[in-house]
Amino acid sequence: MIKIDLDDTYDAVSASEDFKRFTFISPLKNSTNLEMHVLISEHPDPFLPNVFNLAFGPLGDDNEINDSIAVPHHNINKVFSTILLFAITFLEVNKEENYSIGIDGSDERRAYLYHRMFRYNSDTLSDTIVTVGVDWYVKLLRNGTDIERDSDGLPLFKPRPEPFDLKRNPRDLYRYYIFSLNN
């Protein structure tokens, strides 16, 4: 279980002026260190305006963040606390813009981890952030035989944000987790 403590974080090694990129060093269980990269970028879905996606991990061979690698962090609580603190800092710096940050589990294991992290830390984080769960749906048209489609004729998936349900069974994971400042 990940325990978030925004007062126990790693220092940034580097941070961009707009707080969309930063790096920090995470000690690993094998006593080595790993440079972790965090990227906050605009979410491409037009149905999620003002939402920025949070990606983090070490750089891969392509010099892009590898968010699918399993990393044996010495202190996973401190890693996630650091990532959340910098994401919250981004939101605070851009408070007038009313931005939100989303995090997507690249696989079921990660989605389950994020679900449990937000659920377990809801009391700790409730004064700072509001968490929303997002599922996607395809609208069944009134004729009952067809679905809404995009300009290419493909099913049009739309996000359906809802307040994070603390009692929702973790086996029924949200597809995306969004958080914003608790004003």
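Residues numbered from 1 in each chain as written. Predicted model: local features only at pLDDT ≥ 70, side-chain atom pairs only at ≥ 80, totals over all residues. Heavy atoms only, no water.

1. A short note on the overall build of the chain
Of regular secondary structure, the chain possesses 3 helices and 8 strands. Helices and strands appear in the chain in the N-to-C order β-β-β-β-α-β-α-α-β-β-β. The globule rule puts the C-alpha radius of gyration for 183 residues at 16 Å, and the 18 Å found for the chain is close to it. Taken along its principal axes, the extent of the C-alpha atoms in the chain is 60 × 40 × 35 Å. By the burial criterion, 38% of the 183 residues in the chain qualify as buried. For the chain, contacts bridging at least 24 residues in sequence account for 63% of all contacts bridging at least 6. As presented, the chain carries roughly 10,700 Å² of accessible surface, and 46% of it is formed by carbon and sulfur atoms. Distance between charge centres in the chain, computed from 19 positive and 29 negative side chains, equals 8 Å. (Helix = DSSP H or I, 4+ residues; strand = E, 2+ residues; numbered from the N terminus. Rg over C-alpha atoms; globule rule 2.2 N^0.38 Å. Buried < 20%, exposed > 50% of the residue type's maximum accessible area, 1.4 Å probe, protein only. Contact = heavy atoms within 4.5 Å. Areas by Shrake-Rupley, 256 points an atom, 1.4 Å probe, with all protein chains shown as cover. Lys, Arg positive; Asp, Glu negative; His and termini not counted. Charge placed at Lys NZ, Arg CZ, Asp CG, Glu CD.)

2. Comments concerning the nonpolar core
With 35 residues, the main nonpolar core has Phe24, Leu54, Phe56, Ile101, Phe118, Tyr177 and Phe179 as its most contacted residues. Of all elements in the fold, only β2 (21–27), β3 (33–42), β4 (51–57), α1 (76–93), β5 (100–103), α2 (108–120) and β8 (176–181) reach the threshold of two or more residues within this core. Counting residues per element, this core draws most heavily on α1, which supplies 9 residues. Excluding its chain neighbours within four sequence positions, the residues that come into contact with Phe179 are Leu84, Ala87, Leu91, Ser100, Ile101, Phe118, Ile129, Val130 and Thr131. Ranked by size, the runner-up nonpolar core spans 5 residues in total, among them Leu48, Val51, Tyr176 and Ile178. (Core = buried A, V, L, I, M, F, W, Y, C linked by side-chain atoms within 4.5 Å.)

3. A short note on the side chain of Lys158
Residue placement: Lys158 occurs in strand β7 (residues 157–163). In terms of polar contacts, Lys158 uses its side chain to reach the side chain of Glu148, at 3.2 Å. If sequence neighbours within four positions are ignored, Lys158 has contacts with Phe47, Asp135, Trp136, Tyr137 and Glu148. (Polar contact = N/O pair within 3.5 Å; in protein donor to acceptor, adjacent residues only side chain to side chain.)

4. Quick notes on the packing of aromatic side chains
This model, assessed by the stated rule, comprises 15 aromatic pairs. With a centroid separation of 5.9 Å and 10 degrees between ring planes, the pair formed by Phe90 and Tyr99 is classed as stacked. Relative accessible area serves as the criterion here: at 1%, Phe90 is assigned to the buried category. A cation sits over an aromatic face here: Arg168 above Tyr174, 3.8 Å from the ring centre. (Phe/Tyr/Trp six-rings, centres within 6.5 Å; stacked < 30°, edge-to-face > 60°. Lys NZ or Arg CZ within 6 Å of the ring centre and 35° of its normal.)

5. Quick notes on the sheet that holds β3
With mixed pairing, 8 strands are arranged side by side in an open sheet as β1-β2-β3-β4-β5-β8-β6-β7. Because the sheet does not close on itself, it has two edges, and the strands there are β1 (12–15) and β7. Each adjacent strand pair in this sheet contributes to an overall mean axis angle of 30 degrees, direction not counted. In the sheet, β2 pairs with β3 via 7 bridges, with the strands oriented antiparallel. (Pairing = 2+ DSSP bridges. Axes fitted to C-alpha atoms, helices over the stretch in contact; angles between N-to-C directions.)

Note that every value here comes from positions in space, so none of it alone points to a role or purpose.
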